[in-house]
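Here is what each chain is made of, one letter per residue.
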Amino acid sequence: MSELTVIEVKRDEFKTRTELCGRSVAAAFIGTADMLATKDLERYVRALEAEVRRLAVCEVVVDMRELYFMNSHCLKLLVSWIVRAEALAPPQRCTFLFRTHRGLPWQRRTLLALTALAESIVRVEEA
């Protein structure tokens, strides 16, 4: 299988970690996704979306357990990707699993709104 070619975000306050696992991609968001991280996250999400399509990935697992804050601009990047993904016909359409931290209730509240937006392709799992 092909290699995943995504440039990770490596800011002091926000990082990503991405791994290809068969026909699934695991993407971890770590730290604080605020205004300072917006441009880097936008480049990352666009590159990751292109890789998901290129590699015909079935599922994107977004691990947010170490993400302590995400502003609305950063969240909108994920929402836009999900909307674009939902518009695709299978088999190009992937699903999203968001892993949240039980001790960070904002994550669950925020991501449950995403499930309402695209319930056929978005799931939230609390750890």
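Residues numbered from 1 in each chain as written. Predicted model: local features only at pLDDT ≥ 70, side-chain atom pairs only at ≥ 80, totals over all residues. Heavy atoms only, no water.

1. Focus: the overall build of the protein chain
Within the protein chain one finds three helices and five strands. Counted from the first residue to the last, the protein chain has its helices and strands arranged as β-β-α-β-α-β-α-β. Expressed as lengths along the three principal axes of its C-alpha atoms, the size of the protein chain is roughly 35 × 30 × 25 Å. Counting across all 127 residues of the protein chain, residues that qualify as buried make up 45%. Restricting the contact set of the protein chain to residue pairs at least 6 apart, pairs at least 24 apart contribute 70%. Here the protein chain displays about 6900 Å² of accessible surface, and carbon together with sulfur accounts for 55% of that area. Positive and negative charge centroids in the protein chain, built from 19 and 17 side chains respectively, lie 3 Å apart. (Helix = DSSP H or I, 4+ residues; strand = E, 2+ residues; numbered from the N terminus. Buried < 20%, exposed > 50% of the residue type's maximum accessible area, 1.4 Å probe, protein only. Contact = heavy atoms within 4.5 Å. Areas by Shrake-Rupley, 256 points an atom, 1.4 Å probe, with all protein chains shown as cover. Lys, Arg positive; Asp, Glu negative; His and termini not counted. Charge placed at Lys NZ, Arg CZ, Asp CG, Glu CD.)

2. A look at the sheet that holds strand 2 (residues 24–33)
In space, the five strands of this open sheet follow the order 1-2-3-4-5, with mixed pairing throughout. At either margin of the open sheet sits one strand with a lone partner, and together these are strand 1 (14–21) and strand 5 (122–126). Mean inter-strand twist for the sheet, computed between neighbouring axes without regard to direction, equals 20°. In this structure, strand 2 lies alongside strand 3 (residues 59–70), joined through nine bridges in parallel fashion. Bridge assignment links Ala-33 to a residue of strand 3, and that residue is Met-70. (Pairing = 2+ DSSP bridges. Axes fitted to C-alpha atoms, helices over the stretch in contact; angles between N-to-C directions.)

3. Some words on the nonpolar core
Core analysis: the largest hydrophobic core is formed by 38 residues, its most contacted members being Phe-29, Leu-41, Tyr-44, Met-70, Phe-96 and Phe-98. If you list the elements that add at least two residues to this core, you get strand 2, helix 1 (38–54), strand 3, helix 2 (72–87), strand 4 (95–100), helix 3 (105–117) and strand 5. Sorting elements by how many residues they give to this core places helix 2 first, with seven residues. Setting aside chain neighbours within four positions, we find Phe-96 in contact with Val-60, Trp-81, Ile-82, Ala-85, Ile-121, Val-122 and Arg-123. (Core = buried A, V, L, I, M, F, W, Y, C linked by side-chain atoms within 4.5 Å.)

4. Describing the pattern of salt bridges
A full pass over the atoms with the stated rule returns eleven salt bridges. Of the charged contacts, one joins Glu-51 and Arg-54 as a salt bridge, the two residues approaching to 2.8 Å between their closest N and O atoms. A residue pair is termed a helical-turn pair when its members lie 3 or 4 positions apart in one helix, as Glu-51 and Arg-54 do in helix 1 at three residues. The residue Arg-65 makes a salt bridge to Asp-63 at a minimum N-O spacing of 2.6 Å. The exposure class assigned to Arg-65 is partly exposed, which follows from its relative accessible area of 33%. Assessed through its relative accessible area of 17%, Asp-63 is described here as buried. Among the ionic contacts, a cluster of salt bridges with common partners joins Arg-11, Glu-13, Asp-40 and Arg-43. (Salt bridge = Lys/Arg side-chain N within 4 Å of Asp/Glu carboxyl O.)

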